[in-house]
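Now for the letters of each chain:
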Number of protein chains: 4
Amino acid sequence: MLRGRFSQDTHQLVQEFTDSLDNDRVFAEQDIQGSQAHARMLGRQGIITQQEAEQLVSGLERIREEIQKGSFPWRSDLEDVHLNIEHRLTELLGSVGEKLHTGRSRNDQVALDLRLYVSQRVEEWQALLLQLARALTDQAEQHLETILPGYTHLQPAQPVSLAHHLLAYVQMLRRDAERLRQAQERIRVSPLGAAALAGTTYPVDPEEIAREVGFGNSFANSMDAVSDRDFVLEPLFCAATITTHLSRLCEEIILWANPSMGFLGLPDAFATGSSIMPQKKNPDIAELIRGKAAGTFGALQTMLSLIKGLPLAYNRDLQEDKKPFYQADVIVSGSLSLLTAMIAEMEFNPEKMLRAVNSGHLNATELADYLVSKDIPFRTAHQVTGKAVAYAESQGRGLQELKLSELQEFSPQVEEDVFRALDPYQAVARRNSPGGTGFKAVSDQLAAVKAWLESASGDG
Amino acid sequence: MLRGRFSQDTHQLVQEFTDSLDNDRVFAEQDIQGSQAHARMLGRQGIITQQEAEQLVSGLERIREEIQKGSFPWRSDLEDVHLNIEHRLTELLGSVGEKLHTGRSRNDQVALDLRLYVSQRVEEWQALLLQLARALTDQAEQHLETILPGYTHLQPAQPVSLAHHLLAYVQMLRRDAERLRQAQERIRVSPLGAAALAGTTYPVDPEEIAREVGFGNSFANSMDAVSDRDFVLEPLFCAATITTHLSRLCEEIILWANPSMGFLGLPDAFATGSSIMPQKKNPDIAELIRGKAAGTFGALQTMLSLIKGLPLAYNRDLQEDKKPFYQADVIVSGSLSLLTAMIAEMEFNPEKMLRAVNSGHLNATELADYLVSKDIPFRTAHQVTGKAVAYAESQGRGLQELKLSELQEFSPQVEEDVFRALDPYQAVARRNSPGGTGFKAVSDQLAAVKAWLESASGDG
Amino acid sequence: MLRGRFSQDTHQLVQEFTDSLDNDRVFAEQDIQGSQAHARMLGRQGIITQQEAEQLVSGLERIREEIQKGSFPWRSDLEDVHLNIEHRLTELLGSVGEKLHTGRSRNDQVALDLRLYVSQRVEEWQALLLQLARALTDQAEQHLETILPGYTHLQPAQPVSLAHHLLAYVQMLRRDAERLRQAQERIRVSPLGAAALAGTTYPVDPEEIAREVGFGNSFANSMDAVSDRDFVLEPLFCAATITTHLSRLCEEIILWANPSMGFLGLPDAFATGSSIMPQKKNPDIAELIRGKAAGTFGALQTMLSLIKGLPLAYNRDLQEDKKPFYQADVIVSGSLSLLTAMIAEMEFNPEKMLRAVNSGHLNATELADYLVSKDIPFRTAHQVTGKAVAYAESQGRGLQELKLSELQEFSPQVEEDVFRALDPYQAVARRNSPGGTGFKAVSDQLAAVKAWLESASGDG
Amino acid sequence: MLRGRFSQDTHQLVQEFTDSLDNDRVFAEQDIQGSQAHARMLGRQGIITQQEAEQLVSGLERIREEIQKGSFPWRSDLEDVHLNIEHRLTELLGSVGEKLHTGRSRNDQVALDLRLYVSQRVEEWQALLLQLARALTDQAEQHLETILPGYTHLQPAQPVSLAHHLLAYVQMLRRDAERLRQAQERIRVSPLGAAALAGTTYPVDPEEIAREVGFGNSFANSMDAVSDRDFVLEPLFCAATITTHLSRLCEEIILWANPSMGFLGLPDAFATGSSIMPQKKNPDIAELIRGKAAGTFGALQTMLSLIKGLPLAYNRDLQEDKKPFYQADVIVSGSLSLLTAMIAEMEFNPEKMLRAVNSGHLNATELADYLVSKDIPFRTAHQVTGKAVAYAESQGRGLQELKLSELQEFSPQVEEDVFRALDPYQAVARRNSPGGTGFKAVSDQLAAVKAWLESASGDG
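Conventions we followed
- Residues numbered from 1 in each chain as written.
- Chains lettered and ligands numbered in written order.
- Predicted model: local features only at pLDDT ≥ 70, side-chain atom pairs only at ≥ 80, totals over all residues.
- Heavy atoms only, no water.
- Helix = DSSP H or I, 4+ residues; strand = E, 2+ residues; numbered from the N terminus.
- Rg over C-alpha atoms; globule rule 2.2 N^0.38 Å.
- Buried < 20%, exposed > 50% of the residue type's maximum accessible area, 1.4 Å probe, protein only.
- Salt bridge = Lys/Arg side-chain N within 4 Å of Asp/Glu carboxyl O.
- Contact = heavy atoms within 4.5 Å.
- Buried area = accessible area lost by both parts, 1.4 Å probe.
- Polar contact = N/O pair within 3.5 Å; in protein donor to acceptor, adjacent residues only side chain to side chain.
- Nonpolar A, V, L, I, M, F, W, Y, C, P; charged D, E, K, R; others polar.
- Least-squares fit on C-alpha atoms with pLDDT ≥ 70 in both.
- pLDDT = per-residue confidence, 0-100.
- Pairing = 2+ DSSP bridges.
- Domains from an automatic or database assignment.

Draft legend 1. The overall build of chain A, seen in detail. Tallying secondary structure elements over chain A gives 19 helices and six strands in all. In summary, chain A has a C-alpha radius of gyration of 30 Å against a globular reference of 23 Å for 460 residues, an excess of more than 25%. Overall, chain A is about 100 × 50 × 40 Å in size when its C-alpha atoms are taken along their principal axes. For chain A, the proportion of its 460 residues judged to be buried stands at 68%.

Structure, rendered in structure tokens:
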């Protein structure tokens, strides 16, 4: 901090509260990357000599190596990572080192570093999303004809293919991937050259820097460039939708692992026991992923409340932009990785699924439809079926376990072929409308998903 | 509600708590639109006869007219808008009316209605955003050479063009518009044909319906189609970023209207007085817009917490998806409209802006740069300037008001030409790097913005 | 609005955006109550004559009657409920009516009205909380010896008394009730006499007004009095904890109503059917209560973001303080009422609960404890039990269904008395430590809860 | 982790994701404190021998010393701090060490540790709150007769005493302190003895443990005891209100430090400069405190969303309860400490405050009141004053700077004594209603505040 004007030293507490070194050290690589791009641009534009530019680039390269080797002399009295690197550069190069800051300011520099960091992490999220989608798709492929109760209101509704159920999550992830890809268009915009807030008197070339760091564009307005944090808000929102989707899947894993359902066995490697209850096999990972989703909501809310009502341009409040992103990043990366590994090893229990299908009157719709096919009006068919269900339930039997004569008491139109209609496998097979759970429809969906996964790997 | 199986009537309180008629009535138009598309598809696919399809379409048309005229017989004992319309249709058409529900369910029907509604409202937001961007651009065009203090940390930093300052907000709105456009790609996906959760046994054609209602796609997975609410989350996030941006602009309007700054006069039509303080002219509108932004954060948070941890497929919790969207819609539409009208009539006070520029030492950077141009190292120049500022401040004068001899006491290199360097108009003019505040750079930015506005009007 | 200084009429949009009449009309009663207290104080202090005071009080009484009868001439061109009443008072009383506003301002007036309103609603919440606690306690009393699986991680852990399980929720509600009671201490503070922000030159007596409206205190600082909204934040937080607690109970109701568990039958009056699935009996009410909880989080978040960073004293942003409270009030009042009615009629299924207890190895801890009682070290006992559980599970049997000889293969110390240890009823009965699930301990807890309910009814 | 039943090792990723050692290490002291209390109770109840109890207590004492000295052998393969300590205890004491876990479980143990930790941190908050209240009170005492513009809508409203303005914040802090004190009643409840969820078969004495650790009560219901996290939610809400209050004060510091207002000089030790703008003196600390408030909102939202919809009893989601509390603790403790130090050194600028008072027409209300005292009806007086203000503003003068003859043009009743009425010092002095800004009223308030501070220090 340059304090020519100040007579007192900064209060000790101040240093601790404002010291951002811990948070910022993680940006060392991005800072060097941005500074090298800046130095090259300065040279190419003739703002400094080509030789000076080369000196700066290789000095920064040496600092990169020192940091990687752990030999970099970090100093906590130098406020942050940026000052540490600048100071070291001047130690290494003498007064040439000071020329690096020509035509830029701390405000545009930190904005670039954060954009580079966010962009790289979001790229990682994109790759992890695809991995999870692949794991789900692999399981779906193995369970095309596995039937389980489809629930609405957590009540048995109609039998569905397990593949169809799992692919519902793949569709959610696909939208998430699309949102991340579009967010990247706005993240990958270089703010360097905006300087403090007003641009600079040097003939800088911001687009050149954007190209150097692999971004698509440079900023359009210098005041916006140093004060905008949409590029943090947007991935935080994506994090919230991703983890919301994962929380739903984890809720189902937790439900399915409860022995009353018993639809799946948790791989031992993803379950934990209890210190006093020897029979316990707890779905901790699924619970943690479900719980951690809440952390991304908090991060998003923090960031929105942080920015609301801030006048232009840069305000120090914005230093707090990093923590919410870190927090969300740890959750998103960890949850995606772990869920992928767990899904890959998940063992489903088709027998218990089928048992639940058979005992939950999930074929009631089929009976109603059967009656309709016998020319009974829909409302009547619906009421007749309701009574048959009530009777079957009072008997502790499924509809398919009633005798023909019993069914005929509810409607004389019922004939022997009703039992084919009541077969849950047939009930699933019949729903072959596009996007439906019929085996043919699910096969088509699976093919489309696989085609997407293949093409998406290219961008990765 | 079909209650063939139930022996008791629904509890009175239940009806009130679950009654969604008030909220849903606003969907009448969307419900009719979706039902007409569905009826046409049923006819074209031969699921019902062409004649039946036409009867359904014209019956729905008559209901639309009844609603518009206010003659529709709403019944609150029929749970919601959908049942009201269905019931009326059967009154009008007899048993043909009942065929409308063939191959669909309440779950996919309400999802389509909500998607239609959200899509239409978001279209309105897009138009309103452009209007505000235009109003800001018009003001910018008139104030290219108006100079005001650019602040960082709310401290005077460097003088900037008012046009540049206003265009910073246009850039934010431009990103918002892009996000809305991309969100529409995911909103405009028809879920009809997903039925309850599993698809249907009828040979429906979901893509046909999507085309009929003007959507780009139909659903890929029926379980996802009835339970996904990303299409509400995403516009809620857009609402949060839009209103965050507006809150920043309104904070500045409030600050600028404070007499100590006095940078603008509120148009009388947008200010209010006080019941006991006759001198008051309060920026209520700006305060309300700033305040209401918080309501969109709450709406987003509500929606995220609502969905977290819900198992597939539809759960009744999702009925609560409408209120947050309504809440955000009222805020976004109202804020954009009102701010547009207020910006259009805003009268800026260039003299007070210039006075603040001259008294805030905003040309300190210029002095430092001047010294650097005289071959003084940057750090030294920075320190020298700091001392000169401290001296000027202690004198209650600006740097440009010091005598040459006084300036020379800080550095003998200072010469007569320093006063040109210290002129704020020149300071702005010099910052012509791309995206900077220099008049030439701002003119270029203005041209780009106007080109965007023109092209965007086309999509509208 | 007093506009002596303004030359233009308020913009039409402005009126709509800022018009708070709809929200405020609900405050009519509080406004009259506060104004009557103010008028009496003015008379007693000699600021107006006793006769004038009486005229004001009875004029306000007449307005109260007009509003109750529906004959009050509401005018939407008069900004809000306060101006409507003032205007009507002057119509009725002539210039005496204008004296009502002596020594107060809109700022302290609206703060008092809102405090009165919030306080009355919170009183209602307190009563509704007790009702729900009573309904749960009544059910608990009937199910002291009903045994169900106690879950951790949604995995069967140890059998517990259903009474104990239900009383856990009563304990949560008890804390909620305590928080509401303490919040009332801070809500019931009268701000009247703070005027616009600085107090008044009239010899008003704020404590007198506080007494008149039944509040405990009057304000200590006029600037705080008109700008503080803690008294809204705090009940919003209480609303969030209350509905969070309800959401947990509703999650359990939803789980228990799933046929795989089948622990309870939803009273028909609180369940709904499906338009196409005749067997469905959906726990809509429990789902809605669970979902609506999210609305209170949003309301709290809105209110916090609204206030953050507002300078003293009143800012128009604060007009938005009512909507979040309304929103939360509807949710809290509705959820508590409905859940009380539903709990009262809930029918539990002890057989299915016992079946789940017997099949979930919930007596594994008992076996381990049994082995410890035979002097086997705890860790060894735990491991031995783990193996026995794995064996029993592979056999599809419960531990209590294994033969003595089979159990002895895991540990020769096992004897015939092991079967008494494995009996779940005994397992519950043994846990009689204070606050435990043992029948004696639960009886004690029940007695304490009933004593609290009795004493709390007194305050209500 | 006890894995007798498991065949596979825990997946590597799982360990990292679930490893809570980093977070939990901070609980070492609380864990030892709780364990010592538990051991003593076990001895006193005869569950273990007195000698064993003493061995456990002194073994734990030794571990405490090892940790303090840094010689404790932390092992990251042992899941968390609790297992590390237990394991070390057994190393030190042999099989006696294993007896410590008798009659408790991990679930009640971690709940106690967290309650101890939260309680101790909240105690620290209480002390820090009082310190800040004292610093504000000290400043108030020095500025009783310093006058500044009181703003509403950030527009000058009426002059107020700076002491009054500062004491408004003390009143907010006083409510915050009261809330913290009441929250402590619910935090300081010991859950030990609840065991896994059902209580224990050992004759434990939970109240004894509560006394040992200095808590007021022990749990009433074991299922509630292990799953309730109200005791985290409530301090998080307090953190949100505290930091909201601080954010308001910091907003004012930032505004006042802007040179257009210039009401205060930032102590150099609490301001920072700029890397390229030598004149800058930025209120970074105030900005950071304002910004960090948003972090407490996020923490509260995270915690609410985390708990919503969780069934009883313990779920692993709850492991995420610590991070939000940490996050809020760092913000609350840091903000209170730093703001106290900054307030203590703040230098106000009474001249600039007075200048703003004189130029902002803040005496308009005085003119209106003066006219009313001359028997002009209030509404007329208000309108006349509005016109006089418009005239004065057009002249660039204050009302008090107009000539008598000019004032008389607006109302012939104006006489020479108007100038005394227009004097801002008199305007403040006259508002001596209880809680008003009059010097006498503020003196009374100051005395009451000091009495509270004195009495509160006793509890600390």
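Draft legend 2. Layout of the pattern of salt bridges. Using the criterion set out here, one finds 157 salt bridges over all chains in the structure. Note that Glu251 of chain B is salt-bridged to Arg290 of chain B, the shortest N-O span being 2.8 Å. Taken together, the residues span a long stretch of sequence, with Glu251 of chain B in helix α10 (residues 230-257) and Arg290 of chain B in helix α11 (residues 284-307) at a distance of 39 residues. Just as Glu251 of chain B is buried, Arg290 of chain B falls in that class too. The shortest N-O distance in the salt bridge between Arg64 of chain D and Glu61 of chain D comes to 2.8 Å. Of the two residues, Arg64 of chain D and Glu61 of chain D are both situated in helix α4 (residues 50-69); the distance of three residues between them amounts to about one turn of the helix. Among the charged side chains, a network of salt bridges with common partners joins Arg115, Arg186, Asp224, Asp228, Asp230 and Glu234 of chain A together with Arg175, Asp176, Glu178 and Arg179 of chain B.

Draft legend 3. Region of the structure containing the interface of chain A and chain B. Listed as interface residues are 94 residues of chain A and, on the opposing side, 94 residues of chain B. Roughly 8100 Å² of surface becomes buried between chain A and chain B when both sides are summed, with 58% attributable to carbon and sulfur atoms. Along the contact surface separating chain A from chain B lie twelve salt bridges. Among the ionic pairs, Asp230 of chain A bridges to Arg179 of chain B, the shortest N-O distance being 2.7 Å. In this assembly, chain A and chain B are joined by 44 residue pairs in polar contact (both at pLDDT 80 or more). Put simply, the parts of the chain that give the side of chain A that touches chain B at least two residues each are β1 (147-152), β2 (155-161), α7 (162-187), α9 (222-227), α10 (230-257), α11 (284-307) and α15 (378-395) of chain A. Classifying every residue of the side of chain A that touches chain B gives 36 nonpolar, 35 polar and 23 charged.

Draft legend 4. Main features of the relation of the copies chain C and chain D. You can overlay chain C on chain D at an RMSD of 0.0 Å; the transform is a turn of 180° with a shift of 0.0 Å along its axis. These values place the two chain copies in the arrangement generated by a two-fold rotation axis.

Draft legend 5. Spotlight on the relation of the copies chain A and chain B. Of the transformation superimposing chain A on chain B, the axial component is 0.0 Å and the angular component is 180°, with the fit at an RMSD of 0.0 Å. The overlap is high: 100% of the interface residues of chain A also sit at the interface in chain B, so the same surface is used on both sides.

Draft legend 6. Quick look at the confidence of the model for chain A. All names here are of chain A. With 94% of its residues at a pLDDT of at least 70, chain A reaches an overall mean of 91. Contacts for the low-pLDDT stretch residues 1-7, under 50 throughout, to residues beyond four places or in other chains number 31 contacts. Reported for the predicted complex are a pTM of 0.95 and an ipTM of 0.93.

Draft legend 7. Local environment of the environment of Ala381 of chain A. All names here are of chain A. Relative to the assigned elements, Ala381 resides in helix α15. Ala381 sits in the buried class, given a relative accessible area of 0%. Along the chain, Ala381 and Glu54 lie 327 residues apart, while their C-alpha atoms are 83 Å from each other. Discounting residues that sit within four places of it in the chain, Ala381 has contacts with Ala368, Leu371, Val372 and Ile376.

Draft legend 8. How the structure looks around the pairing of strand β1 (residues 147-152) of chain B. Residues and elements named next belong to chain B. Counted residue by residue, β1 has six buried out of six residues, so it is predominantly covered. By the bridge criterion, six bridges tie β1 to strand β2 (residues 155-161) in an arrangement that is antiparallel. Of the residues in β2, the one forming a bridge with Thr152 is Gln155. Here β1 hands over to β2 after two residues, with His153 in that stretch at a positive phi of 60°.

Draft legend 9. Expanded view of the domain arrangement of chain A. Looking at chain A, the domain boundaries give domain 1 (12-102), domain 2 (116-143 + 154-200 + 220-355) and domain 3 (358-459). Each of domain 1 of chain A and domain 3 of chain A has a C-alpha centre, and these two points are 68 Å apart.

Draft legend 10. Examining helix α14 (residues 364-373) of chain B more closely. Residues and elements named next belong to chain B. Most of α14 is tucked away: seven of the ten residues are buried. Taken together, the buried residues of α14 touch β2, α15 (378-395), α16 (404-410), α17 (418-422) and α18 (424-430). Asp375, located one to two residues past α14, shows a positive phi value of around 70°.

Draft legend 11. The arrangement of the side chain of Thr385 of chain B in detail. Residues and elements named next belong to chain B. You can see Thr385 is positioned in helix α15. On the accessibility criterion, Thr385 (0% relative accessible area) is buried. Looking at Thr385, its side chain comes within polar contact range of the main-chain oxygen of Ala381, at 2.7 Å.

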